[in-house]
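What follows is each chain in one-letter form.
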Amino acid sequence: MCRETGEHAQREAARLLDDAGLPCNRRVELGPPAETIARVAAETGANEIYMGSRGLGSLSSVLLGSVAAKVLRLTELPVTLAK
């Protein structure tokens, strides 16, 4: 069920990239988000990590925990956040 949900979530983004003529490799991984993002980036030899930020603000980030903040701690790669 989780794998199917991930594949469904990727379809629209992949279609937009395909329409723009931009290559993309799709991959669905299961596990803790920050750890999985950092691990996959290392395994694939990524040069940088791009990810979205929900923009909850610093207080919410501290209270709720932030995947983006955890990724920053787990990787030496540059991380670009888009809001």
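Residues numbered from 1 in each chain as written. Predicted model: local features only at pLDDT ≥ 70, side-chain atom pairs only at ≥ 80, totals over all residues. Heavy atoms only, no water.

Some details on the pattern of salt bridges
Overall, the coordinates contain six salt bridges when judged by the stated rule. In this structure, arginine 27 and glutamate 43 form a salt bridge, with 3.1 Å as the shortest nitrogen-oxygen distance. With arginine 27 in the loop between α1 (2-19) and α2 (33-44) and glutamate 43 in helix α2, this pair connects stretches of sequence that are 16 residues apart. We classify arginine 27 as partly exposed; its relative accessible area is 40%. (Salt bridge = Lys/Arg side-chain N within 4 Å of Asp/Glu carboxyl O. Helix = DSSP H or I, 4+ residues; strand = E, 2+ residues; numbered from the N terminus. Buried < 20%, exposed > 50% of the residue type's maximum accessible area, 1.4 Å probe, protein only.)

Focus on the layout of surface pockets
Here the idea is plain: a probe the size of a water molecule rolls over the atoms and shows the empty space left. Its boundaries defined by the atoms lining it, the largest pocket holds a volume of some 1,000 Å³. What lines the largest pocket is a set of 23 residues, among which Gln10, Asn25, Arg27, Ile37 and Val40 lie closest to the centre. When contributions to the lining of the largest pocket are tallied by element, the ones reaching two or more residues are α1, α2 and β1 (49-52). Looking at the lining of the largest pocket, its residues break down into 14 nonpolar, five polar and four charged. (1 Å grid on protein atoms, 1.4 Å probe; cavity = no way out; pocket = protein on both sides within 12 Å on 5 of 7 lines; lining within 4 Å. Points joined across faces, edges and corners; volume = space filled by probe spheres on them. Nonpolar A, V, L, I, M, F, W, Y, C, P; charged D, E, K, R; others polar.)

A few points about α2
Look at α2: 16 Å from first C-alpha to last across twelve residues, which is about the 16 Å you get at 1.5 Å a residue. The complete set of buried residues in α2 reads Ala34, Thr36, Ala38, Val40 and Ala41. Buried residues along α2 sit in contact with β1 and α4 (67-74). Downstream of α2 by a residue or two, glycine 45 has a phi angle that is positive, lying close to 70°. (Expected span 1.5 Å × (residues − 1). Contact = heavy atoms within 4.5 Å.)

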